[in-house]
Amino acid sequence: MATGNGTGYLGVTPPISTSESSERERQVTETLMEELKKQGTFESDEESRNREIVLGRVAALVKKFVYEVSLSHGLSETAANAAGGKIFTFGSYRLGVHGPGTDIDTLCVVPKHVSREDFFEVFEKLLREAEGVGEVSGVPEAYVPIIKTKISGIPIDFLMARLALSSIPDDLTLRDDNLLRNLDERCIRSLGGSRVTDEILRLVPNVTVFRDALRCIKLWAQRRAIYSNVMGFLGGVAWGMLVARICQLYPNAIAGAIVSRFFIIMYQWSWPQPVLLKQIEDGPLNVRVWNPKIYPGDRSHRMPIITPAYPSMCATHNVTASTQMIMTEEFKRGAEIVDRVIVGSANWSELFSKHDFFHRYRYYLQVIASTGSADLQIKWAGTVESRIRQLVMKLEYVDTLTLAHPFIKGFEQVSYCQTDEEVRAVAQGDISETVRKRKKEEIEGHEGASVVHSTTFYIGLAIEPKPVGAVGPRRLDISYPTTEFTKLVKMWEKFDEAKMGIVVRHIKSSALPDSVFDQGERQPRSGVKRPNKSIKGSGQSNNTSPDMPNKKRRSSHMGPDSLSSLSTSHILKSTATDNGFSALSTLPTSTPVVEVPPIPTYTTSSKDMPDIKSPHLPFGENVAVATGTAGA
């Protein structure tokens, strides 16, 4: 095992344990792999071969692209052939944890005379002309410019990086930091994905164990609805780095043991102590490297997980107080289930049970983005989605709101409307069964008919229990956060009031649409008391019970909310015009007081619940070793 740090071990601290896994851990690892196969996380041999064939075609296409651009720049045929061009995969495919139907993140590395304009003009054209290629969508203005397509049914996301080299040899690797010299920021960002992925694989003691454990954690995070960087949870790279860190701390353990320790250590982690796979290094560029001692913004990161490739960055800057609390509770749940799996009183399938987000709260916020065009909707909904986290952070400052829980994806709907009233209702989130079932053919030739594309995002609201002795309804005023959020999304440089709609409104759990539930999944019933689940308490250590932004310790429960009424900020007024869907104005509205049956008050402070057992490592293993605080 090559450590590269002169210490004899991988990582920034010594391992917690170098012991081999027990016989029982070997048994549960076998059952884990059987469960992962049963859950459909592995692709078939045929699909694996198809991916390899497609990547071979892509590699040849990139060389052809560089060759054609080289000739257009006046290079000789010999020089154009020698200019090369190479692809590097990254993300879940490169890590070896991809599943059926997942995309392949692919980086195209080209020589210095090939421009980004060439990538979106010449290469995109070559893609469109290639056999077996479906729709091709280039987004040159993205933060990391990208081309999305499908080749032989396999989704592929293409990035491009232009190196300061006259040719790209076939044996090129991207590990040398000096390759970043004289590159623009977009090229450095594009290279980052591949460099980080390769470095993660280099820094784990056993790649097979790492992949098996990560496949488990990835499935768990997806099923529990905490797999989303944009919504303030963790993305694939961050989950990969967490698993890699546990592998470093237990270099001789197998997957079942890694998964068990993962949940316990992540639950007990002393945030904002950063998770590092190696010491942060300086490099040849005058670029910002994560450093909380210098940058105030870096000090604000709640769960910093730092990329191991230069320039090191925080992969989790989107995490908010609410999403940290939710993930902490999920770590605890995972630890408890795996503990029971090891003693034989539970099965792995329990770990992967579906989230209960749409059964968990009494009230939800709906954020509805709408347009009259499919292409425009992709961009508008993406813009709104990227700013949901800002709304969550503003909601966290509302006094009696203890948690704002964003769901990890939006729900898309295409509605075929025959009247202005139907358009207005759809834009406000009120889609009748008639409109929901209506087909496109039913509005063809109908005067005044229009198509509305909408994407609805959800935020669950947890409310503080009503104070003892308090009587009458309460009003939770969230008008400021929602108004500010509406202003924020409208500041998008391409926002068009006449074509785009935005609505923020609250609904009761009983009013959630059928579309958010799986077929046969029972919807929550209004007024039914459900068991209260603590987020902050439950025996959690002081280090892992995060404060809300105002630094006031708040109790939080993930069950029914003691709430009598809400005030929301805006309901969209919209009309159909000759040009299609038009969002004309936002009108302030007030919500009438709604009486809610009394709900029992639950104590959630950890000091008041000494009987709750916190997950802990086996005897002789000390989590403080992982953070370098043991014996301090």
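This structure is a prediction, so every number in the text was calculated from the model and none was measured.

A.B. asks: I keep staring at the UniProt feature "binding site: Mg(2+) 1" (unreviewed entry) in the protein and nothing clicks. Help me out?
C.D. replies: As annotated in UniProt, the feature "binding site: Mg(2+) 1" (unreviewed entry) corresponds to Asp103 and Asp105 in the numbering used here. Contact partners of Asp103, with chain neighbours within four places excluded, come to Arg51, Ser92, Pro155 and Asp157. Summarising the element assignment, Asp105 is placed in strand E2 (residues 104-110). Residue classification places Asp105 among the buried residues on the basis of a relative accessible area of 18%. The contact partners of Asp105, leaving out residues within four places of it in the chain, are Phe88, Thr89, Phe90, Gly91 and Asp157.

A.B. asks: So what exactly am I meant to see when it comes to the confidence of the model for the protein here?
C.D. replies: Fine structural detail should not be taken from predicted coordinates in areas where pLDDT scores are low. Mean pLDDT over the protein stands at 84; residues scoring 70 or higher make up 84%. This model gives residues 526-612 a pLDDT under 50, and the stretch forms 255 contacts once residues within four places in sequence are excluded.

A.B. asks: Teacher, can you tell me more about the side chain of Gln366 here?
C.D. replies: Summarising the element assignment, Gln366 is placed in strand E6 (residues 363-371). A polar contact of 3.1 Å, which involves the side chain of Gln366, links it to the side chain of Tyr458. Polar side-chain contacts of Gln366 include one of 2.6 Å to the side chain of Arg505. Filtering out sequence-adjacent residues up to four positions away, Gln366 remains in contact with Thr456, Phe457, Tyr458, Val503, Val504, Arg505, Ile507 and Pro513.

A.B. asks: How should the pattern of salt bridges be read in this particular structure?
C.D. replies: Applying the stated criterion across every chain, the model contains 30 salt bridges. Ionic pairing is found between Glu199 and Arg202, a salt bridge with its closest N-O pair at 2.7 Å. Of this pair, Glu199 and Arg202 both sit in helix H6 (residues 185-202), three residues apart, roughly one helical turn. The buried category is assigned to Glu199, whose relative accessible area is 7%. Overlapping salt bridges, with partners in common, bring together Glu199, Arg202, Lys278 and Glu281 in one network.

A.B. asks: What's the story with helix H15 (residues 420-427) in this structure? I'm lost.
C.D. replies: An α-helix turns once per 3.6 residues; consequently, residues spaced three or four apart project the same way. Of the positions making up H15, those classed as buried are Glu422, Val423, Val426 and Ala427. Taken down its axis, H15 places every buried residue within 130 degrees of arc, on the same side. One or two positions beyond H15, positive phi appears at Gly429, with a value near 90 degrees.

A.B. asks: When you look at the packing of aromatic side chains in this model, what are you seeing that I'm missing?
C.D. replies: Any aromatic ring pair is given by two values, namely how distant the centres are and how the planes are angled relative to each other. Considering all chains together, one arrives at 28 aromatic pairs under this definition. When the ring of Phe357 is compared with that of Phe358, the centres are 4.8 Å apart and the planes differ by 90 degrees; the resulting orientation is edge-to-face. Of the two residues examined, Phe357 and Phe358, each falls in the buried class. Consider the rings of Phe411 and Tyr458, whose centres lie 5.9 Å apart with planes at 75 degrees: the pair is edge-to-face. Linking Phe411 in strand E8 (residues 411-417) with Tyr458 in strand E9 (residues 450-463), this pair joins segments that are 47 residues apart in sequence. The class for Phe411 is buried, based on a relative accessible area of 14%.

A.B. asks: Could you clarify how one ought to interpret the sheet that holds strand E3 (residues 137-139) in this entry?
C.D. replies: Note: strands within a sheet are paired through backbone hydrogen bonds, in either parallel or antiparallel orientation. A sheet is described by the order of its strands in space; here five strands give the open sequence E1-E2-E5-E4-E3, paired in mixed fashion. Bordering the open sheet on either side are strand E1 (86-90) and E3, each of which pairs with just one other strand. The average undirected angle you get between the axes of adjacent strands in this sheet is 25 degrees. With three bridges joining them, E3 and strand E4 (residues 146-151) adopt antiparallel strand pairing.

A.B. asks: Just checking my understanding: could you explain the nonpolar core for this structure?
C.D. replies: A general feature of soluble globular proteins is that nonpolar side chains tend to end up buried together. Counting residues in each nonpolar core, the largest one holds 111 residues, and the members touching the most others are Trp220, Trp239 and Phe262. Per element, the largest residue contribution to this core is ten residues, and it comes from helix H9 (residues 255-268). When residues no more than four places from it in sequence are discounted, the contact partners of Trp239 are Leu214, Ile217, Trp220, Ala221, Ile226, Tyr227, Leu234, Phe262, Met327 and Phe331. Val62, Phe65, Val66 and Tyr93 belong to the second-largest nonpolar core, a separate cluster that totals 28 residues.

A.B. asks: Would you mind going over the pairing of strand E11 (residues 500-508) with me for this structure?
C.D. replies: Consecutive side chains along a regular strand alternate between the two faces of the sheet. In terms of burial, E11 is a largely internal element, eight of the nine residues being buried. Relative to E11, E6 is paired through nine bridges, and the arrangement is antiparallel. Bridge pairing links Tyr363 to Lys508 in E11.

A.B. asks: Before we go on, may I ask you to explain the environment of His98 in this structure?
C.D. replies: Structurally, His98 can be placed in the loop between helix H4 (91-95) and E2. Sequence separation between His98 and Lys218 is 120 residues, and the spatial gap between their C-alpha atoms is 9.7 Å. Non-local contacts of His98, meaning those with residues more than four positions away in its chain, are made with Thr41, Glu43, Arg51, Ser92, Tyr93 and Arg215.

A.B. asks: Please clarify how the packing of helix H2 (residues 45-72) against helix H5 (residues 116-129) should be interpreted in this entry.
C.D. replies: The packing of two helices is summarised by the inter-axis angle and the distance between the axes. Contact geometry for H2 and H5: axes closest at 10 Å, N-to-C directions at 130 degrees. One finds that H2 runs oblique with respect to H5. Read as a crossing pair, H2 and H5 show a hand that is right-handed. Residues Leu61, Val62, Lys64, Phe65, Glu68 and Val69 of H2 touch H5, and the partners they reach there are Asp118, Phe119, Val122, Phe123, Leu126 and Leu127.

A.B. asks: Would you explain the side chain of Arg245 in this entry?
C.D. replies: Examined against the element boundaries, Arg245 turns out to sit in helix H8 (residues 236-249). Of the polar contacts made by the side chain of Arg245, one reaches the backbone oxygen of Ala626; its length is 3.2 Å.

About the cut-offs
Residues numbered from 1 in each chain as written. Predicted model: local features only at pLDDT ≥ 70, side-chain atom pairs only at ≥ 80, totals over all residues. Heavy atoms only, no water. UniProt positions renumbered as here; feature names shortened; annotations may be inferred. Contact = heavy atoms within 4.5 Å. Helix = DSSP H or I, 4+ residues; strand = E, 2+ residues; numbered from the N terminus. Buried < 20%, exposed > 50% of the residue type's maximum accessible area, 1.4 Å probe, protein only. pLDDT = per-residue confidence, 0-100. Polar contact = N/O pair within 3.5 Å; in protein donor to acceptor, adjacent residues only side chain to side chain. Salt bridge = Lys/Arg side-chain N within 4 Å of Asp/Glu carboxyl O. Arc of directions from axis to C-beta. Phe/Tyr/Trp six-rings, centres within 6.5 Å; stacked < 30°, edge-to-face > 60°. Pairing = 2+ DSSP bridges. Axes fitted to C-alpha atoms, helices over the stretch in contact; angles between N-to-C directions. Core = buried A, V, L, I, M, F, W, Y, C linked by side-chain atoms within 4.5 Å. Parallel < 35°, antiparallel > 145°, perpendicular 65-115°, else oblique. Left-handed = near helix turned anticlockwise from the far one by under 90°.

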